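Structural description and commentary
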Amino acid sequence: MADLDVGDVPPQFDLPRDGGGSLSLAALLGKPIVLYFYPQDDTTSCTNEAIGFSHLKPEFEKAGAVVIGLSPDNVKKHDKFKAKYDLSVDLVADEERKVIEAYRLWVEKKLYGRTYMGVERATFLIGRDGRIARIWRNVRVRGHAEEVLEAARAL
C-alpha cells in the first residue's frame, strides 16, 4: 500500500474516546481537523506533544479547527493521562491499530539498537473539504503544535 498524500481522502474511523462515547471523522466534516498519532500515553515526548496541543487548543478553535490525538492505548489510560496533565484535546483509542495501519503508521522502529514495531509520530491536517491538506511524518515535538496551528490558520 502506498502512503497517504496531500489531496487524498483520509481513512474514516469511529473510535472510542476519552470520557466515554465515540468520535468519528465523518461527524467533523466541514471543519479543519488536526489528527495527530502518538505512540503511548504518559511518556515524555507524547506528554509534551499533548500538552503543546492542549495549550494551543483555544487558538485552534479560533481557526475553526478540532484537535484529536490517537494512540493504541485504551480509553481508561486516556482518561488517566488527560486528568494527570489537565489535557483538553480529544483522545481516541485505536487498540486494534486498524486506523493506525490504515494511515500506514504502524512501522518498524529502532531504539538503542533494538528493532520493534510501533506507531510513527505523525500529524494529518484535514481540510474543510475532507481531504488531507498537510502531513507531518516522523514529528519532532518541540515547536510542532505551533507549526500545525499556523497551517490550520492558513486553510
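Before going into details, it helps to say that this report is about the structure given with it.

**Examining helix α5 (residues 144-153)**
- Those residues of α5 lying buried are His144, Ala145, Val148, Leu149, Ala151 and Ala152. Each buried residue of α5 sits inside an arc of 165° when the element is viewed along its axis, so together they form one side.
- Those residues of α5 that are buried are in contact with β3 (33-37), α1 (44-55), α2 (57-62), β8 (122-126) and β9 (132-136).

**As for the side chain of His144**
- Here His144 lies in helix α5.
- Taking relative accessible area as the criterion, His144 reaches 3% and is therefore assigned buried.
- Filtering out sequence-adjacent residues up to four positions away, His144 remains in contact with Glu49, Phe53, Thr123, Trp136 and Val139.

**Description of the packing of α1 against α5**
- Two elements in contact, α1 and α5, have axes whose closest approach is 8 Å; the angle formed by their N-to-C orientations is 40°. Relative to α5, the element α1 lies oblique. Seen from above, α1 lies across α5 with right-handed handedness. Across the interface between the two elements, Glu49, Gly52 and Phe53 of α1 pack against His144, Ala145 and Val148 of α5.
- Of the residues in the contact of α1 with α5, the class split is three nonpolar, two polar and one charged.

Conventions we followed
Residues numbered from 1 in each chain as written. Predicted model: local features only at pLDDT ≥ 70, side-chain atom pairs only at ≥ 80, totals over all residues. Heavy atoms only, no water. Buried < 20%, exposed > 50% of the residue type's maximum accessible area, 1.4 Å probe, protein only. Helix = DSSP H or I, 4+ residues; strand = E, 2+ residues; numbered from the N terminus. Arc of directions from axis to C-beta. Contact = heavy atoms within 4.5 Å. Axes fitted to C-alpha atoms, helices over the stretch in contact; angles between N-to-C directions. Parallel < 35°, antiparallel > 145°, perpendicular 65-115°, else oblique. Left-handed = near helix turned anticlockwise from the far one by under 90°. Nonpolar A, V, L, I, M, F, W, Y, C, P; charged D, E, K, R; others polar.

By themselves, these are just geometric observations and shouldn't be taken as functional.
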